[in-house]
Amino acid sequence: MFTGIIESIGNIGSIIRHNEDLSIVVNTNNLDISDVNIGDSIATNGVCLTVSNLLPSGFTADLSLETYKRTTFHSYRIGQEVNLEKAMLPTTRLGGHLVSGHVDGVGEVIEFKRNGRAINIWIMVTTQLKKYLSKKGSITIDGISLTINAIYQNVIKLTIVPHTLANTNIVNIDVNKKVNIEIDMMARYLEKLINVDRYESEKSSTVSTDLLERYGFIS
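Residues numbered from 1 in each chain as written. Predicted model: local features only at pLDDT ≥ 70, side-chain atom pairs only at ≥ 80, totals over all residues. Heavy atoms only, no water.

Q: Even after reading the chapter, I still don't get the sheet that holds strand β10 (residues 144-152), so can you show me in this structure?
A: The strands making up a sheet are joined through hydrogen bonds of the backbone, oriented either antiparallel or parallel. Ordered in space as β7-β8-β11-β10-β9-β12, the 6 strands form a closed barrel in which the pairing is antiparallel. Averaged over neighbouring strand pairs, the angle between their axes works out to 45° when direction is ignored. Pairing between strand β9 (residues 138-141) and strand β12 (residues 178-183): 3 bridges, direction antiparallel. Its bridge partner being in β12, isoleucine 139 is matched across the sheet by isoleucine 183. (Pairing = 2+ DSSP bridges. Helix = DSSP H or I, 4+ residues; strand = E, 2+ residues; numbered from the N terminus. Axes fitted to C-alpha atoms, helices over the stretch in contact; angles between N-to-C directions.)

As structure tokens, then:
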């Protein structure tokens, strides 16, 4: 679990491709990983990665095919800057919002403008994700906890304050850039609760009668 408050900007040091997945080496730069153990989680551009090996300059993590396809990692190259956040502790201040590191989809930056010392950014999201978003609600963009200022159809407007610009890789934002999006987890669970009857009906309809009989659900 994370908060969406970025602790450091790292970069991809190496990409090792396997048959169906890949491993990456992440250089953590200023992030203190002296308290990190193998098996711990580190959010990397919003993606919860499990540390498989610790290195003097960072860590190694494995990426499943699901993560590779669902996130922007498929377009990353060596040297790519990534936002880093270690998993939160029970004593951590929740400065952002509860973030799982499970990316729901990819958005695209369609416009950005300076607004004093801040930047306004407009991001296009998919129709599937739009229903989970609300004005003044929380959203995670590349691991950064942000507030939605406005919604226009499939486009959300965000304001990036100077501190966030100075301490995350969002300062390198550009039109057409793809970003990882995680919706507010409360919205995800609320939808499941509201539609629980429909979900149960869909689940039952996909299970064969033979399978139900085999496990004694029907006779």
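Still to come is the rest of the account.
Q: Can you help me understand the environment of cysteine 48 in this one?
A: Structurally, cysteine 48 is set in strand β4 (residues 47-55). Using a relative accessible area of 26% as the deciding quantity, one classes cysteine 48 as partly exposed. Not counting residues up to four positions away in its chain, the partners in contact with cysteine 48 are Phe2, Ser41, Ile42, Ala43, Ser100, Gly101 and His102. (Buried < 20%, exposed > 50% of the residue type's maximum accessible area, 1.4 Å probe, protein only. Contact = heavy atoms within 4.5 Å.)

Q: What should I look at first to understand the environment of glycine 116 in this one?
A: Topologically, glycine 116 is positioned in the loop between β7 (105-115) and β8 (118-124). For the pair formed by glycine 116 and proline 162, sequence separation is 46 residues and the distance between their alpha carbons is 9.4 Å.

Q: Just to check I follow, could you spell out the packing of aromatic side chains for this structure?
A: Where two aromatic rings form a pair, the distance of their centres and the angle of their planes describe that pair. Tallied over the entire structure, the rule returns 1 aromatic pair. Seen from their ring centres, phenylalanine 73 and tyrosine 76 are 4.6 Å apart, and the 55° between their planes marks the pair as tilted. When sorted by exposure, phenylalanine 73 lands in the same class as tyrosine 76, which is buried. (Phe/Tyr/Trp six-rings, centres within 6.5 Å; stacked < 30°, edge-to-face > 60°.)

Q: Whenever I open this one, the sheet that holds strand β5 (residues 58-63) confuses me. Can you help?
A: The sheet built from 6 strands closes into a barrel, its strands ordered β1-β2-β5-β4-β3-β6 with antiparallel pairing. Here the average twist between neighbouring strands, direction ignored, is 45°. Across 4 bridges, β4 lies against β5 in antiparallel orientation. For valine 51, the partnering residue across the bridge sits in β5 and is alanine 61.

Q: Honestly, a nonpolar patch on the surface in this entry has me stumped. Any pointers?
A: Taken together, the side chains of Met1, Leu94 and Leu98 present a nonpolar region at the surface, about 270 Å² in accessible area. In this fold, leucine 94 is placed in the loop between β6 (81-86) and β7. Using a relative accessible area of 45% as the deciding quantity, one classes leucine 94 as partly exposed. (Patch = residues over 30% accessible without salt bridge, like charges linked within 9 Å, V, L, I, M, F, W, Y side chains within 5 Å. Areas by Shrake-Rupley, 256 points an atom, 1.4 Å probe, with all protein chains shown as cover. Salt bridge = Lys/Arg side-chain N within 4 Å of Asp/Glu carboxyl O.)

Q: Quick question: what am I supposed to make of the pattern of salt bridges here?
A: Any two side chains of opposite charge can pair if their charged atoms end up close together. If you walk through the whole model with that rule in mind, you get 5 salt bridges. Between glutamate 108 and lysine 178 there is a salt bridge, with its nearest N and O atoms 3.8 Å apart. Of this pair, glutamate 108 sits in strand β7 while lysine 178 sits in strand β12; the two residues are 70 residues apart in sequence, bridging distant segments of the chain. Since its relative accessible area comes to 25%, glutamate 108 is described here as partly exposed. Residue classification places lysine 178 among the partly exposed residues on the basis of a relative accessible area of 42%. Where lysine 113 meets glutamate 111, a salt bridge forms, and the shortest distance between an N and an O atom there is 3.4 Å.

Q: What should I look at first to understand the pairing of strand β1 (residues 8-17) in this one?
A: Where a strand is regular, its side chains alternate between the two sheet faces. Note that β1 and β6 share 4 bridges and pair antiparallel. Within the sheet, the bridge partner assigned to asparagine 11 lies in β6 and is glutamate 81. Across 6 bridges, the pairing between β1 and strand β2 (residues 22-27) is antiparallel. The residue bridging isoleucine 12 from the neighbouring strand is valine 26, located in β2. Between β1 and β2, which pair antiparallel one after the other, the connecting turn spans 4 residues.

Q: Looking at this structure, I do not really get the side chain of asparagine 27. What am I missing?
A: Within the secondary structure, asparagine 27 is located in strand β2. At a separation of 3.4 Å, a polar atom in the side chain of asparagine 27 contacts the side chain of serine 57. Every residue in contact with asparagine 27, bar those within four places of it in the chain, is listed here: Gly10, Asn11, Gly13, Ser57, Gly58 and Leu84. (Polar contact = N/O pair within 3.5 Å; in protein donor to acceptor, adjacent residues only side chain to side chain.)

Q: How should the side chain of threonine 164 be read in this particular structure?
A: As for its placement among the helices and strands, threonine 164 is situated in helix α3 (residues 162-167). Judged by relative accessible area, threonine 164 falls into the buried class, the value being 14%. Those residues within four positions of threonine 164 in sequence are excluded, and the remaining contacts are Ile144 and Ile170.

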